[in-house]
Amino acid sequence: MQNSDLMDKIVSLCKRRGFVFPGSEIYGGLANSFDYGPLGVELKNNIKNLWWERFVHRRDDIVGLDAALIMNTKVWEASGHVGAFNDPMVECKNCHERYRADQINTNEPCQKCGKKTFTGVKQFNTMFKTNLGPVEDEKSTVYLRPETAQGMFVNFKNILDTTRKTLPFGIAQIGQVFRNEITPGNFIFRTREFEQMEIEYFVKPDEWEKWFEYWMEEQKEWLKEVGIFEQAVFVEISEADRAHYSKRSVDTEYKFPFGQKELYGLAYRTDYDLARHQEMSGQSLEYTDPQTNEKFLPHVVEPTWGVSRTFLAVLCSAYREEEDRVYLSLPPKLAPYKVAVFPLLKNKPELVTKAREIYHDLQKDFTVAWDDRGNVGKRYYSQDEIGTPFCVTVDFDSLEDGSVTVRDRDTKEQPRVKIAELKEYLLNKI
Ligand code: GAP
């Protein structure tokens with residue numbers, strides 16, 4: 001399959017089945033904004049929940065945070081974002097189309113109007129500005145956060161005081177961020193609002209290299225868990241291309257249908273952020289080693305994950321076409337519905353009653369779809385396309401022998417399973 005075809009098919013499936021809709025569609029849309037539909041919100045929540053479970057709940061050394069989206073403007077002055085969160089931009093003098101200077105060759109004609117008259121490179125700060133309260137002046141200017149990270153740095157002391165964690169330990173956060181990207185695009189790949197899942201991992205200064213390697217491995221394990229490791233590539237970022245706060249960065253790139261692009265980041269932020277906040281706030285952010293009583297600023301290793309890029313990569317890796325069907329081979333943990341329940345025939349009340357009973361019982365443990373339209377073949381086709389790993393059919397034998405057919409999405413096998421053992425059977429597979 002051509003790569004552009006694959007992308008078109010994924011975008012179309014997302015719209016048709018309720019994963020992702022174009023934003024504000026009834027008003028003609030809003031460029032590069034998207035809404036997650038009934039299935040999309042389930043997939044997105046499953047990604048976030050799996051991440052939180054893996055990196056917060058199943059560990060002793062990481063705690064969570066949910067910080068405000070709008071922070072004191074001094075936070076962004078201290079972090080360097082007011083001064084350095086810029087993208088170099090050029091503008092076509094004829095049609096005023098804007099491009100990221102690092103993404104086009106200004107000797108070539110403008111991609112929109114064909115003229116060759118570009119301005120020089122200007123720096124464009126990509127933070128969204130707004131005002132707090134009714135007066136729009138410089139004093140009331142605030143920014144929508146462009147990364148979740150700063151919430152974790154400014155709460156470092158609060159978390160230390162309330163949790164009594166000792167180094168190494170991390171703070172994790174999932175949340176919405178905003179960037180006024182010059183060239184958003186490629187569906188949900190680059191948008192102006194998106195969610196991040198980030199960890200700031202605080203370590204002793206001389207141990208950062210060890211923890212950097214550790215987090216590289218952890219990111220790989222995550223890629224395997226969500227089924228996207230095979231298409232991932234790891235890229236050392238040169239000094240010239242690193243963010244202003246980073247002394248070492250390794251990006252995870254993914255082979256998307258539109259090219260190999262950044263999926264996740266890993267950065268060694270040194271003590272840059274804590275030092276800047278300590279200096280600007282006048283508050284000590286030092287850590288006291290409980291053994292030696294030595295005071296120092298911890299260093300930070302930061303693994304970061306984009307939620308929508310994970311969503312897109314998961315869909316790209318899961319998409320399969322066979323002669324008679326399209327299916328999403330999603331890891332069961334991520335599938336919007338874990339199981340679908342069908343009565344073999346809609347007009348046989350005894351089958352419907354039994355199937356409803358099973359449906360309601362399974363709902364206590366799983367997200368369950370109900371389908372009684374058309375024939376069973378069509379229902380399988382419909383569930384395959386949205387990645388439902390198991391379909392349970394209640395037929396006439398079920399009423400006699402207390403068992404159902406459980407059809408596997410990937411293998412199409414259909415073993416009979418006792419209704420009394422159905423939950424256990426599914427729990428073992430999901
Ligand atoms: N705190 C570090 C940080 O924000 P980043 O590389 O700028 O680092 C982290 O962003 C991740 O956020 C990226 O690896 C990517 O997954 C995601 N991301 C960045 N810009 C994005 C955009 N415009 N649309 C969707 N996801 C984006």
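Our subject is the structure listed above.
Please read all numbers here as calculations on a predicted model, not as lab measurements.

A. Focus on the site of the ligand. The immediate surroundings of the ligand are formed by 21 residues, with Glu147, Glu181, Glu198, Glu262 and Leu263 found nearest. Phe189 is positioned with one of its backbone polar atoms (N or O) 3.3 Å from a nitrogen atom of the ligand. Between the ligand and the protein, one listed contact pairs an oxygen atom with a backbone N or O atom of Gly306 at 3.1 Å. Across the complex, the protein chains shield 92% of the 560 Å² of accessible surface that the ligand would expose by itself. When atoms are counted within 2 Å of each cavity's grid points, the one that captures over half of the ligand is the largest pocket. Of all the elements in the fold, those that place two or more residues in the shell around the ligand are strand E10 (193-203), strand E13 (259-270), strand E16 (299-306) and helix H9 (307-318). Here the shell around the ligand is built from residues that sort into six nonpolar, six polar and nine charged.

B. Fine view of the packing of aromatic side chains. Inspection of the entire model under this criterion finds 29 aromatic pairs. Consider the rings of Phe55 and Trp215, whose centres lie 5.8 Å apart with planes at 50 degrees: the pair is tilted. Of this pair, Phe55 sits in helix H2 (residues 38-57) while Trp215 sits in helix H7 (residues 208-225), placing them 160 residues apart in sequence. When its relative accessible area of 0% is taken as the criterion, Phe55 is described as buried.

C. Examining the sheet that holds E16 more closely. Here seven strands make up an open sheet; going across it, the order is E3-E9-E10-E16-E13-E12-E11 and the pairing mixed. Only two strands of the sheet have a single partner each, and these edge strands are strand E3 (62-64) and strand E11 (232-236). Geometrically, the sheet is characterised by an average inter-axis angle of 25 degrees between neighbouring strands, direction not taken into account. Bridging between E13 and E16 involves six bridges; their strand directions are antiparallel. Bridged to Ala267 within E16 is Glu302. The sheet contacts of helix H6 (residues 156-163) involve E3, strand E9 (169-178) and E10, and relative to E9 the element is tilted by about 135 degrees. Where H7 meets the sheet, its contacts fall on E3, E10, E11, strand E12 (248-256), E13 and E16, and the angle it forms with E13 comes to roughly 150 degrees.

D. Up close: the nonpolar core. Grouped together as the largest cluster of nonpolar side chains are 58 residues, with contacts concentrated most on Phe19 and Trp222. Top element by residues in this core is H9. It accounts for eight residues. Among all residues touching Trp222, those that are not within four sequence positions of it are Ile47, Leu50, Trp51, Arg54, Phe55, Met197, Tyr264, Trp305 and Thr310. In this structure, Phe153, Leu167, Ile171 and Val300 belong to the second largest nonpolar core, which totals 19 residues.

E. Representation of the state of the cysteines within the structure. Tallying each qualifying case throughout the model produces zero disulfides. Counting only cysteine sulfurs, Cys113 is the nearest neighbor of Cys92, a cysteine outside any disulfide, at a range of 3.7 Å. Its relative accessible area of 0% is what places Cys92 among the buried residues. Here Cys316 stays free of any disulfide, with the sulfur of Cys14 as its closest cysteine sulfur at 9.0 Å. Overall, the relative accessible area of 10% leaves Cys316 in the buried class.

Parameters and conventions
Throughout, a residue's number is its position along its own chain's written sequence, starting from 1. Confidence filtering applies because this is a predicted model: local features only for residues at pLDDT of at least 70, side-chain atom pairs given and counted only at 80 or more, and all residues used for totals across whole chains, interfaces and linings. Neither water nor hydrogens contribute to the side-chain values; these are computed over all heavy atoms in the structure. Near is defined per residue: the residue qualifies when any heavy atom it owns lies within 4 Å of the molecule or strand. We call two N or O atoms a polar contact when they sit within 3.5 Å, provided that within protein one can donate a hydrogen and the other can accept it, with sequence-adjacent residues counted only if both atoms are side-chain atoms. Residue-level accessible areas treat just the shown protein chains as cover; the underlying method is Shrake-Rupley with a 1.4 Å probe. The rule is simple: put a 1 Å grid over the protein atoms alone, call a set of points where a 1.4 Å probe fits but cannot get out a cavity, call an open set with protein on both sides within 12 Å along at least five of seven lines a pocket, and count a residue as lining if it has an atom within 4 Å of a point. A molecule is counted as occupying a cavity or pocket when more than half of its atoms fall within 2 Å of that pocket's grid points. Only runs of H or I of at least four residues qualify as helices and only runs of E of at least two qualify as strands under DSSP, and these elements are numbered from the N terminus. We call Asp, Glu, Lys and Arg charged. Ala, Val, Leu, Ile, Met, Phe, Trp, Tyr, Cys and Pro are nonpolar, and the rest, Gly among them, are polar. Only centres within 6.5 Å qualify two rings of Phe, Tyr or Trp (six-membered ring in Trp) as a pair; their planes then separate them into stacked at under 30 degrees, edge-to-face at over 60, and tilted for everything else. Think of it in three bands: with a 1.4 Å probe and only protein chains considered, a residue is buried below 20% of the maximum accessible area for its type, exposed above 50%, and partly exposed in between. In this scheme, strands are said to pair when DSSP sees at least two bridges between them. For helices, the fitted axis covers only the stretch in contact; all axes are lines through C-alpha atoms, and the angles between them, taken along N-to-C directions, range from 0 to 180 degrees. Pairs of residues are marked as contacts when any of their non-hydrogen atoms sit within 4.5 Å. What we call a nonpolar core is a set of buried Ala, Val, Leu, Ile, Met, Phe, Trp, Tyr and Cys residues that are connected through their side-chain atoms within 4.5 Å. Cysteine sulfur pairs qualify as disulfides if the two atoms are within 2.5 Å.

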